Amino acid sequence: SRVEHPAGGYKKLFETVEELSSPVTAHVTGGIPSWLRGSLLRCGPGLFEVGAEPFYHLFDGQALLHKFDFKEGHVTYHRRFVRSDAYVRAMTEKRIVITEFGTYAYPDPCKNIFSRFFSYFKGVEVTDNALVNIYPIGEDYYACTETNFITRINPDTLETIKQVDLCKYVSVNGATAHPHVESDGTVYNIGNCFGKNFALAYNIIRIPPLQADKEDPLAKAEVVVQFPCSDRFKPSYVHSFGLTSDYIVFVETPVKINLFKFLSSWSLWGANYMDCFESNETMGVWLHVAEKKKGRLLNIKYRTSAFNLFHHINTYEDNGFLIVDLCTWKGFEFIYNYLYLANLRSNWDEVKRHAEKAPQPEARRYVLPLSFDKADTGKNLVTLPYTTATATLHSDETVWLEPEVIFSGPRHAFEFPQINYKKYCGKPYTYTYGLGLNHFVPDRLCKLNVKTKETWVWQEPDSYPSEPIFVSHPDALEEDDGVVLSIVISPGVGPKPAYLLVLNAKDMSEVARAEVEMNIPVTFHGIFKRA
C-alpha cells in the first residue's frame, strides 16, 4: 500500500533547531511499561546552516545528541549539540570552517591571498562532526561519524568531554559508525588503512573490555586481521560488517574512494568528500571472510552482482555455511548521490521523480559455503533446506552467489535494520525491525520475519519515524518479547509536533507515546542505555 505525502511534512526533518538548557517533561499517553528504565540516546544533524552558508548534504549538518529518559512511567527529553571542532569553530567564526561530507568550507575571506595559499599545504582538515551513531567503549560513550575522530560524551548530561583520534591508537584512516559490541564489552570495527607496499587494505580492529587496571581500553586496541583491497589505490566505501562468534564478514562493494582525488589537496579545487567517490562498473561485489579468533583469511573468492550496502541485518553460521542478511540497493551507482538536502526537501512529486532514477532497495539473504570440493565445480553448494539462495562454484574457483530476497517493494526500502542484538547477534534469528523508506521518505516502521517473510507495519498519515530500537523485556522468554522505540515527527497533525513512540515488538501495536512541544530533526542511529 503506497502512502502519499503531498503536504510535504517530511521537510521538517531537515530544519535547524535549538538545543535545550535542561530536559523537558514529555506528555505521556498510554502506559510506559514499568520495566522500561533507562535512556534512548540518538544522534543526527541539528544545524543545517551557519549564518547564510547552507550545508548541502544529509550528512553535513552539525551533530545534535538527543535523549529520552524513562523512569517509573515518566519521560523527559533533552538535546545538546556536540561541541566538535567543526561546530565550535563554526560558532566562533560564524561560517562553515571545516569541509563536511557534501559541503566545501571556503577559506577564511579575511585572510589575504598568501596566507590562504599556505593554508592549502597544511593538508586536509578532516571533520569530527559526530552525527551518525553512539556506542560504548569500556565505561565511556562515544558519538561518531566515519572519520578517525570520535567524541566522548556524557550520556547523562549530553555534554561533550573530548575528541579522540583513533589514528593515535591503531592503524586505520577512519572507522565505521557501526562497530560490533560483544556481551563482555569487546568492540570490533573496520577501517581502511595503508597495507603492504602502500597498497590499500581494510583492518579489523579489536578494543578489549575495561580491565581491572581501569586503563583506557583504546590504549589496548589492536588489529586482528587485514582484508585485501580489490583495487590497491581505491578502497571501497564501508559502512558496516558482519560478525559471528567465529567469523568476520566484509562485503566489498563497487562504490570506491579515489584516494588521488582525496589527497591532491582538495582545497585547491573546492572539493568535498562526495567528490572523491566513484563507481567501479565491472567488479560487482566481493565478499571476504576471516576466522575471528585466528585472524586468518579464508581463501575463498565469493562474488556477486553489484549493489550498494550500508547496513548488515545479521550474520550467523549453520552447518558449514554463513548466512549473511543485508539491506542492499541494486546497482553500482552511489545512493548518497540522492541524499542532497535539496532533493530531500523537494515537493512530493519531485521527491518521487528523483527516487525513480535511484538504485532500488532490496533486503537479501546470501549464503556462503565455508568449504567445498573442487569436484563440485558447476554445482550449487548450498544444501540448507530453508533458503533459495545459491552459491555456484566456477571453474576459476570463484563462488558465485545469488541471493534469496527477504523483502522487496518498488521504491520501498526496509532500512536501518535492528534486531534483538544482545541475544541474537551472530546467531540464528527470526525477526528484524526496520524503518520503511518510501522514495527515501521515512513513513513507516516495519517488523520482518526473515524465515516466513511475514511483515507487521506501524504507519500513520503525515508521520515520519526514525530507526526502530528494540528493547528486550528483562524477563523475556521469546526473541520478540519487548518494545520498539522510535522518534516520530507529525508536523501537520495536532498541536504536538514530535513524540517518542513505544510499540509492542510482537505485533507493532502502540503501547504509549511521549509527546514534546518542539520539532525534532532527523536522527540516524542510537542505542538504549539501561538504567
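Bear in mind that the values here come from a model prediction, so they are computed numbers and not experimental data. (Residues numbered from 1 in each chain as written. Predicted model: local features only at pLDDT ≥ 70, side-chain atom pairs only at ≥ 80, totals over all residues. Heavy atoms only, no water.)

This part takes up the sheet that holds strand E8 (residues 133-137). Strand order in the open sheet formed by four strands is E8-E9-E10-E11, with antiparallel pairing between adjacent strands. The strands lining the two open edges of the sheet, one partner per strand, are E8 and strand E11 (160-165). Each neighbouring strand pair of the sheet contributes to a mean axis angle of 35°, computed without reference to strand direction. Bridge count between strand E9 (residues 140-144) and strand E10 (residues 149-153): four bridges; the pairing is antiparallel. Residue pairing for E10: Cys144 is matched across the bridge by Ile150. (Pairing = 2+ DSSP bridges. Helix = DSSP H or I, 4+ residues; strand = E, 2+ residues; numbered from the N terminus. Axes fitted to C-alpha atoms, helices over the stretch in contact; angles between N-to-C directions.)

Here the focus is the UniProt feature "binding site: Fe cation" (unreviewed entry) in the protein. Taking the numbering used here, the UniProt-annotated feature "binding site: Fe cation" (unreviewed entry) corresponds to His178, His239, His311 and His525. These annotated residues cover 348 residues of sequence, and their C-alpha atoms lie no more than 12.6 Å from one another, placing them together at a single site. Relative to the assigned elements, His178 resides in the loop between E11 and strand E12 (180-181). The class of His178 is buried, set by a relative accessible area of 14%. Apart from the residues within four sequence positions on either side, His178 is in contact with Asn133, Asn189, His239, Ser240, Phe241, His311 and His525. With respect to the secondary-structure elements, His311 resides in strand E23 (residues 307-318). According to the relative accessible area criterion, His311 is buried, its value standing at 7%. Beyond its immediate chain neighbours, meaning those up to four positions away, His311 contacts His178, His239, Ser240, Leu326, Cys327, Glu415, Phe416, Pro417 and His525. (UniProt positions renumbered as here; feature names shortened; annotations may be inferred. Buried < 20%, exposed > 50% of the residue type's maximum accessible area, 1.4 Å probe, protein only. Contact = heavy atoms within 4.5 Å.)

Before going further, it helps to examine the packing of aromatic side chains. The geometry of an aromatic ring pair is captured by two quantities: the separation of the ring centres and the angle between the planes. If you walk through the whole model with that rule in mind, you get 30 aromatic pairs. When the ring of Phe59 is compared with that of Phe101, the centres are 5.9 Å apart and the planes differ by 80°; the resulting orientation is edge-to-face. Taken together, the residues Phe59 in the loop between strand E5 (53-54) and strand E6 (62-71) and Phe101 in the loop between helix H1 (85-93) and helix H2 (113-119) connect sequence positions 42 residues apart. Overall, the relative accessible area of 12% leaves Phe101 in the buried class. Sitting over the ring of Trp286, Arg303 keeps its end group 3.7 Å from the ring centre. When the ring centre of Tyr499 is taken as origin, the NZ or CZ atom of Arg513, which lies over that ring, is 4.1 Å away. (Phe/Tyr/Trp six-rings, centres within 6.5 Å; stacked < 30°, edge-to-face > 60°. Lys NZ or Arg CZ within 6 Å of the ring centre and 35° of its normal.)

It is worth spelling out the environment of Ala130 at this point. Assignment of secondary structure puts Ala130 in the loop between H2 and E8. Note: C-alpha distance between Ala130 and Gln62 (68 residues apart in sequence) is 8.0 Å. Ignoring sequence-local partners within four residues, the contact set of Ala130 consists of Cys43, Ala63, Val82, Ala143, Cys144, Thr145 and Thr151.

This part takes up helix H5 (residues 348-356). All of the buried residues in H5 are Trp348, Val351, Lys352, His354 and Ala355. Viewed end-on, H5 has its buried residues packed into an arc of 160°, placing them on one side of the element. Next to the buried residues of H5 lie helix H4 (341-344), strand E30 (431-438) and strand E31 (441-449). (Arc of directions from axis to C-beta.)

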